[in-house]
Amino acid sequence: MVTRQLNVTCDSSVDREVFLHYSLIPSLFIILVLSFLQRREHCRQRNDTFYLLGDRFGIIVPLDFVGTFSNRWSYGVAFGATANKVMFLFSEGYQPLEVPQWAQAFVLLIGGMEVGLSYFPFFACLSSDFRLVSSILGFSYSLFWFVVTILQISQCPHGQYLGRFETLVFYWPSLLCLGFLLGRFLYMFVKALPIRLVLEPQTKEKSLLEAHQAEHVKRLLSKPRLQEREKSWFQTRVYEWDPCFQFPSRMIGTLVLASICLYLFIVFEFCVFLLVKDKLDVFEDRLQSYLTHMNETETLTPVILQVQELISVTKGVWVVAILPASLTCVSYLFHILACYRKHMKRLWAGDKHFLPQKFHRPSSAASVVAIARYSGWQIAYILWGYLIIHVVQSLCGVMLMYSLVLPILHHQGLEMLRGLAVGVLTLSIVVGLMILQVWIAGSFFLQPKLGTADTQKPLALNNRRAFHNFNYFLFFYNVLLGLGACLSRLLISCLLGTWLIARIDRTIMQSGYEGADMGFNAWVGMLFVDHYHTNPVLVSFCHILVTSHRDRKLQKTLKYCYLNQSAGPRFSARARTRWLLLQTLINNPRLAMLRKSKSGHGSQEFAQILPTCSDC
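Report follows, based on the coordinates. As the structure is a computational prediction, the values presented were derived from the model and not from experiment. (Residues numbered from 1 in each chain as written. Predicted model: local features only at pLDDT ≥ 70, side-chain atom pairs only at ≥ 80, totals over all residues. Heavy atoms only, no water.)

Okay, helix H16 (residues 464–499) next. The end-to-end C-alpha distance of H16 is 45 Å, clearly below the 52 Å that 36 residues give at a rise of 1.5 Å each. Taking the largest bend as the criterion, H16 deviates by roughly 45°, centred on Phe-475. Those residues of H16 that are buried are in contact with helix H15 (413–444). (Helix = DSSP H or I, 4+ residues; strand = E, 2+ residues; numbered from the N terminus. Expected span 1.5 Å × (residues − 1). Bend = angle between axes of the 7 residues up to and from the residue. Contact = heavy atoms within 4.5 Å.)

Put into structure tokens, the structure is as follows:
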């Protein structure tokens, strides 16, 4: 306890909540700069209020949550930099306003919007098309956060729970992510500077069709291989990499952020355990002093000894259960990615049988909302799932200790083995009788096979009189057997429900009640949005349409402008419009008299020039 109370009264010069408020100033500045550079596709009309802005101040997109496949790990690391603030929101510790209890939801919404606005420049600078400016702004903003985080760690490195370097334990993932972003923005600056100085050719326009989507379509159109190469054990049992499939940035960001949040949650849980452990140690010392004072002659002495033993066992089992619970949730994170790829491929192939019937045509509005919900809900499910799994595994560990380990330590191993043998024998007899019923029914009460190739007998009764007597005498026994089956059903449902609570890709509800599982609804809606917007066949078709339309438009333009097709268009849209206007007026001289000109004699002078131009 002395070691864990090194810097309890440490005062840092940087208040985290105040700094979060003040970070909105540079964040808004960066957003305004990038918005000024971003041009709007549709200009306003003259009577519109925003007409004076021209085509400036377009909408900044931090991240395309549907179709972004480039810079996936950069976006994932940017999500990882927000892990500490996300955990702060998860614990409902950040409340910028003091409001009544019924308005807490609005406060949390405002807090989430503030955190999102504070970290908005990271994503906006990564996704901006103005690479030089965005790299400078992103590097400066990342350095700003990096320096402040270093100050927080250096000024108060220790804490009251973990002791030495507690702050570093909590903040090193965010510090590592900020360092990665610094390197990423520096790399973007190095790549964008030669292009800006015209030392290197400008990169080509981003294509609608990704490379892996094109490879997927080529695979579909190619002939299947007669003999596939042999797969390794890892490819068969664990995971097989597919070059024709890539996870979107949303899934990578969810994986990175969920991993860091899970780590922080485990550390926070361990800190709470240390606090509870200190309280229990004080309680045990009081019990021990009570026993010493009563000279162990009190009638409550056996009860007190059992309570001390229970506390000792519970503390040990809780610490040991941290490892399997954390490994289970980490494996779930990667297994969810594998299930995402498997489900998407099935939807691409038109197979919806893996979904319940009511989810074959989900609501469009609910599916769009599912994209916004999925990442946050997946992280929350993982965190709560870890806690529930940890509690259940600890309870199982305590039961195992009391049933197997403690009897041996108390020199009661023989009685334990005797009771275990009786329990196993009873269970074996019950299961054996159930298997015997199935064997008797298959051997005596079913008609023979119709053909030698049949795998089982047909469902046709034989020896009906014996069958009715068989049912009658087993009726009363099966009533008692059904009680055990009911309890086993309840136990298995509880175990599977708690074990799979973190799996948002699998519903834990009974058949027909899947709609009550909001997490599974979000998963299915997210799958359908990705299916409709990133299907490689559909994207390839749209790419062909866009490319062919652009080629036809280019050929038409080159025909009118008498340019060589191999040279390509080297003129502005305004010059092309004027050239087409001139050619139209030359071919139709009377149209010049009907044109509206800025000066009164401009149209007449232009009409006098046209006849001479037509003779050229």
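From this point, the narrative continues.
With the rule as written, the count across this model stands at 23 aromatic pairs. Centre to centre, the rings of Tyr-472 and Phe-473 are 5.2 Å apart; their planes meet at 80°, and the pair counts as edge-to-face. Residue Tyr-472 shares its accessibility class with Phe-473, and that shared class is exposed. Above the plane of the ring of Tyr-332 lies Arg-503, whose end atom (NZ or CZ) is 5.7 Å from the centre. (Phe/Tyr/Trp six-rings, centres within 6.5 Å; stacked < 30°, edge-to-face > 60°. Buried < 20%, exposed > 50% of the residue type's maximum accessible area, 1.4 Å probe, protein only. Lys NZ or Arg CZ within 6 Å of the ring centre and 35° of its normal.)

Turning our attention to the pattern of salt bridges. What the rule picks out here adds up to 8 salt bridges. For Arg-250, the salt bridge goes to Asp-530, with nearest N and O atoms at 2.3 Å. With Arg-250 in helix H11 (residues 249–294) and Asp-530 in helix H17 (residues 518–534), the pair connects residues that are 280 residues apart, well separated along the chain. Grouping residues by exposure puts Arg-250 and Asp-530 together as buried. Salt bridges linked by common partners bring Lys-277, Asp-281, Glu-284 and Lys-315 together as one network. (Salt bridge = Lys/Arg side-chain N within 4 Å of Asp/Glu carboxyl O.)

On to unusual backbone geometry. Trans is the common state for peptide bonds, and a negative phi is the common state for residues other than glycine. Positive phi, normally seen in glycine, also occurs at His-411, with a value near 60°. Its location among the elements puts His-411 in the loop between helix H14 (364–409) and H15. One non-glycine residue with positive phi stands out, namely Asn-463, at about 55°. Within the secondary structure, Asn-463 sits in the loop between H15 and H16. The exposure class assigned to Asn-463 is partly exposed, which follows from its relative accessible area of 40%.

Coordinates in, geometry out; function isn't part of it.
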